[in-house]
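Observations on the three-dimensional arrangement
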Amino acid sequence: MLLVLNRTTLLVLLSLLVVLGVILPWTGTPGFMFPNATSSLAKWRDYTLSQAASFVAKNGTIIVCAVSQPYLPFLNNWLISISRQKHQDQVLVIAEDYATLYKVNGRWPGHAVLVPPAPDSQTAHKFGSQGFFNFTSRRPRHLLHILELGYNVMYNDVDMVWLKDPFPYLQGDHDVYFTDDMAAVKPLDHSHDLPPPGKKGRTYICSCMIFLRPTDGAKLVMKKWIEELQAEPWSKAKKANDQPAFNWALNKTAGQVDLYLLPQSAFPTGGLYFKNQTWVEETKGKHVIIHNNYITGFEKKIKRFRDFGLWLVDDHAVESPLGKL
């Protein structure tokens, strides 16, 4: 009897192996084995920016970033810093690939959306590359769409860390708020007007941290930004990125739009914060958001964050809505 049972068990196991090895590849494993998983993936594929914005908005405001899979560690680091300021529920991650969409929504349902079509490559693009341009040039379209839905929107690059709540610094009812990308030290009481153009005939405002109200002026800047990107696409001879186009958009619409330059002491560029320790000491306690720019390379950015005690994911991943990735 025992021998018969063993033979029967072996036959059952062999049958299962045949099913797994032959039938499933043709039927599609997720739908055949895990119907709930399939419906969940379909749900997020069909999730729209309008639905996502409605889900995350608080007091009519959304905090947005755009992320591809290689930058998930930076997303997590940024989220930890935002969670410490109690604003994580307002965050919407615009996923630039399906892996990121499924990863974020799998751990934090509803907080990621993908606006088709997704860029082709899933690699961490080097600044100045065509992939980097393709990735960042989608940004003004996302922001314009959110404005047209009627929301205030703050955009951040994810190589940033919040040290304080930035919203009290968004004084007044201006259309567009932004930060200067120049490392030259400004007076603490500097003007909040658009700075004068530099040597290239335009300003050097950073497109990494922007706050927009859903006004005609803010929408005009986004439309002009899109136009400027179309006028100067990426080429091997001229390795463009989205920031010059943003500056041209600001410069060309300045007379029609209410613009506001945020204080340098609160929103310093990486070229100032990480390279001028005298200034950092003199402005201690005033810093709000730190941007890890003026450096290229995935590992170099992580090392610099670690050197300055700003790489939070090593010891504080539990504070992120995504947990430890």
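Everything in this summary refers to the structure shown in the same document. (Residues numbered from 1 in each chain as written. Predicted model: local features only at pLDDT ≥ 70, side-chain atom pairs only at ≥ 80, totals over all residues. Heavy atoms only, no water.)

Here's the deal with the overall build of the chain
- If you tally the helices and strands in the chain, you get 14 helices and 9 strands.
- Residues counted as buried form 49% of the 325 residues belonging to the chain.
- Nonlocal contacts in the chain, meaning residues at least 24 apart in sequence, comprise 75% of its contacts between residues at least 6 apart.
- As presented, the chain carries roughly 16,000 Å² of accessible surface, and 58% of it is formed by carbon and sulfur atoms. (Helix = DSSP H or I, 4+ residues; strand = E, 2+ residues; numbered from the N terminus. Buried < 20%, exposed > 50% of the residue type's maximum accessible area, 1.4 Å probe, protein only. Contact = heavy atoms within 4.5 Å. Areas by Shrake-Rupley, 256 points an atom, 1.4 Å probe, with all protein chains shown as cover.)

A word on unusual backbone geometry
- For the bond from Pro116 to Pro117, the omega torsion is -5°, close enough to zero to count as cis.
- Tracing the chain through its elements places Pro117 in the loop between β3 (112–113) and α7 (130–136).
- For Asn59, which is not glycine, the phi dihedral falls at a positive 55°.
- Looking at where Asn59 falls in the secondary structure, it is placed in the loop between α4 (49–56) and β1 (61–67).
- Take Asn59: its relative accessible area is 79%, and that puts it in the exposed class.
- With phi around 65°, Lys86 is a residue other than glycine that occupies positive phi space.
- Following the sequence through the fold, Lys86 ends up in the loop between α5 (72–83) and β2 (91–95).

Some words on the pattern of salt bridges
- This structure, assessed with the given rule, holds 11 salt bridges.
- Lys301 is the partner of Asp159 in a salt bridge, and the nearest nitrogen-oxygen pair spans 2.6 Å. Residue Asp159 is located in the loop between β4 (152–156) and β5 (160–162), and its partner Lys301 is located in helix α13 (residues 298–307); the two are separated by 142 residues in the primary sequence.
- A relative accessible area of 11% places Asp159 in the buried class.
- Taking the relative accessible area as the measure of exposure, Lys301 reaches 9% and is therefore buried.
- Residue Lys303 pairs with Asp307 through a salt bridge whose shortest N-O separation is 2.9 Å. Placement of both Lys303 and Asp307 in helix α13 is noted, with a separation of 4 residues, approximately one turn of the helix. We note that Lys303, like Asp307, is exposed. (Salt bridge = Lys/Arg side-chain N within 4 Å of Asp/Glu carboxyl O.)

Points about the state of the cysteines
- One pass over the full model with this rule turns up 1 disulfide.
- Through a disulfide, Cys206 is tied to Cys208; the S-S separation comes to 2.2 Å. Disulfide Cys206-Cys208: the torsion about the S-S bond is 135°, which places it as right-handed. Each member of the pair, Cys206 together with Cys208, is buried. (Disulfide = S-S within 2.5 Å.)

Remarks on the packing of helix α8 (residues 139–148) against helix α9 (residues 216–231)
- Axis separation between α8 and α9 bottoms out at 9 Å; the angle between their running directions is 155°. The angle between α8 and α9 places the two elements in the roughly antiparallel class. Here α8 and α9 pass one another in a crossing that is left-handed. Contact residues: α8 offers Arg139, Pro140, Arg141, Leu143, Leu144, Leu147 and Glu148, while α9 offers Ala218, Lys219, Met222, Lys223, Trp225, Ile226, Leu229 and Gln230.
- Its residues assigned to classes, the contact of α8 with α9 comprises 9 nonpolar, 1 polar and 5 charged. (Axes fitted to C-alpha atoms, helices over the stretch in contact; angles between N-to-C directions. Parallel < 35°, antiparallel > 145°, perpendicular 65-115°, else oblique. Left-handed = near helix turned anticlockwise from the far one by under 90°. Nonpolar A, V, L, I, M, F, W, Y, C, P; charged D, E, K, R; others polar.)

A short note on the sheet that holds strand β8 (residues 259–261)
- Reading across from one edge, β3-β2-β1-β4-β7-β6-β8 is the order of the 7 strands in this open sheet, with mixed pairing throughout. In this open sheet, the two edge strands, each paired with only one partner strand, are β3 and β8.
- One ladder, built from 3 bridges, connects strand β6 (residues 176–180) with β8; its direction is parallel. Its bridge partner being in β8, Tyr177 is matched across the sheet by Tyr260.
- Here α4 sits on the sheet and contacts β1, β2 and β3; the angle it forms with β2, its principal contact strand, is near 155°. (Pairing = 2+ DSSP bridges.)

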